[in-house]
Every structure is written in structure tokens, then in C-alpha cells.
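Architecture and fold: a report
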Amino acid sequence: MVTALDDLPGVEVVAQAGDGEGAVALAAEHVPDVVLMDLRMPGVGGLEATARIRVEHPEVAVVVLTMDSDDDSVFAALRAGARGYLLKEAEVDDIERAIVGAARGEAVFGSGVAGRVLAYFSGARPTVSAFPQLTPREHEVLELIAQGLDNASIARRLFLSDKTVRNRVSDVLGKLHARSRAEMVALARDAGLGGGPGS
């Protein structure tokens, strides 16, 4: 991959990391235009590394290049701040277009991912007005609960810690005056939530 990228006009590979911690450190050292990020790495994973790079260097575009094509991985990467998502089966031409596009500030998706991303965002989304007492994040957590996701799945989907999800679930329970998770799910579904992707 490094050799192929170095052969592309206008592309220079300034560093290569073997793990997420190294990616964060090298991004800080070189501040490249684009980081190609794998999700599965030893130690600090690609999601955490992406989030840290985007917080510390918001001008750096991160494009995920991975074998993981499941929706949870795609949307967790986007929530972590990735500007694009490609599968490792992508052709070098596709990767070149993604690098150039991301450097220009564009969102870039490989053909195996783009359709699902568009379908997700073009689908009917729940409106926050269904439960105006909830914050947008609490509403998002409630939507995923209504879809049947457990706390660990919600944490992965929203790129949050398990503890944060537990706290948000507790907050939602209190604001909805629900006595149990099942009652909370029933209230959410009565309001039309839970019909999105993953239901």
C-alpha cells in the first residue's frame, strides 16, 4: 500500500504506524493532510485513534481503510470524526480519489459503503420533538434502545464509553418517568421510534 501510494502523483507518504497510539503520535508530529486509518490495530484501536486525531488536529482528514463493512463500524467511524470509509478491497484509483477528496474537505465513501450511508440518512429519522425534555444525545440513545440495542451495542454505535451510555439511559428513564427499560421501550415505540436502521 505504501509503495502504491508513493507512486501516485501529488501523494507523499510521510509516516506509517503499526498501532493506534503510533498513529496519534505521528499525526501530531507530521500533521498530514490525510490519515488512512485501519480500525483493527493492537493497543489503541482505529476508532479511538481517529477521535483523538480529530480532536487534537481538526484540520487532518481521517479516511478509514478497513475490512470491516458492518454498519456499526461504519457509523462509529463517522461519529469518531472520519471523513471517509473505504474497504480494503478498493482499487488504488478509488483510494487516490478518496485521499484527494478528503484533503479538499469532501466526505468520501467506497462503493460498498456509500449506498448504506445514503440509505441511513435518507430514511425517516425520529424528530426530537417526540420527547422535547430529552437532549439530542438522549434522544439518540432512546432511538437505539427502541431498536433493541443493548448498552454495549449503543456504546459502539455512538462511540461512547459504557459508563456514559449507562448514565444517559438512567437520565432518559428519569425524564420519561419510566420504571423499567421495557416501559421506556414501549413509550418510545408508541411515539414512533425504533423504526430506523437496526430495527
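Residues numbered from 1 in each chain as written. Predicted model: local features only at pLDDT ≥ 70, side-chain atom pairs only at ≥ 80, totals over all residues. Heavy atoms only, no water.

**Looking at the pairing of strand β1 (residues 34-37)**
Pairing of β1 with strand β2 (residues 61-66) involves four bridges; the strand directions are parallel. Each residue of the ladder has a partner; that of Val35, found in β2, is Val62. In this fold, β1 hands off to helix α3 (residues 46-56), which returns the chain to β2; that crossover is right-handed. (Pairing = 2+ DSSP bridges. Helix = DSSP H or I, 4+ residues; strand = E, 2+ residues; numbered from the N terminus. Right-handed = clockwise from strand over helix to strand, strands pointing away.)

**Re the UniProt feature "modified residue: 4-aspartylphosphate" (unreviewed entry) in the protein**
Mapped onto the present numbering, the UniProt feature "modified residue: 4-aspartylphosphate" (unreviewed entry) falls on Asp38. Its location among the elements puts Asp38 in the loop between β1 and α3. Excluding residues that lie within four positions of it along the chain, Asp38 makes contacts with Gly46, Leu65, Thr66 and Lys88. Within the local environment of Asp38, its side chain forms a polar contact with the backbone nitrogen of Arg40, the two atoms lying 3.5 Å apart. (UniProt positions renumbered as here; feature names shortened; annotations may be inferred. Contact = heavy atoms within 4.5 Å. Polar contact = N/O pair within 3.5 Å; in protein donor to acceptor, adjacent residues only side chain to side chain.)

**Describing helix α8 (residues 151-158)**
Among the residues making up α8, those that are buried are Ser153, Ile154, Ala155, Arg157 and Leu158. In this structure, the buried residues of α8 make contact with α4 (71-80), α7 (136-146), α9 (162-176) and α10 (181-190). Note on α8: the residue one or two positions beyond its end, Phe159, has a positive phi of about 55°. (Buried < 20%, exposed > 50% of the residue type's maximum accessible area, 1.4 Å probe, protein only.)

**Section: the environment of Gly46**
Assignment of secondary structure puts Gly46 in helix α3. Sequence separation between Gly46 and Leu65 is 19 residues; the distance between their C-alpha atoms is 9.9 Å. When neighbours within four sequence positions are excluded, Gly46 is seen to be in contact with Met37, Asp38, Leu39 and Met41.

**Notes on the UniProt feature "domain: Response regulatory" (unreviewed entry) in the protein**
Listed under "domain: Response regulatory" (unreviewed entry) in the UniProt record, and renumbered for this structure, are residues 1-103. The distance separating the terminal C-alpha atoms of residues 1-103 is 18 Å; by composition the span is 48% helix and 14% strand.

**A word on unusual backbone geometry**
You will see that Val31, though not glycine, has its phi angle at about 45°, which is positive. With respect to the secondary-structure elements, Val31 resides in the loop between α2 (20-30) and β1. In this structure, His177 is a non-glycine residue whose phi angle is positive, near 55°. The topology assignment puts His177 in the loop between α9 and α10.

**Considerations on α7**
With eight of its eleven residues buried, α7 lies for the most part within the structure. For α7, every residue scored as buried is listed here: Glu138, His139, Val141, Leu142, Glu143, Leu144, Ile145 and Ala146. Along its buried surface, α7 packs onto α8, α9 and α10. Gly148 sits one or two positions beyond α7 and adopts a positive phi of about 100°.

**A short note on the nonpolar core**
Judged by nonpolar contacts, the single largest core of 20 residues is most densely connected at Leu142, Ile145, Ile154, Leu176 and Met184. Top element by residues in this core is α7. It accounts for five residues. When residues no more than four places from it in sequence are discounted, the contact partners of Leu142 are Phe131, Leu134, Val172, Leu176, Met184, Ala188 and Leu193. Leu5, Val34, Ile99 and Val108 belong to the second largest nonpolar core, which has 13 residues in total. (Core = buried A, V, L, I, M, F, W, Y, C linked by side-chain atoms within 4.5 Å.)

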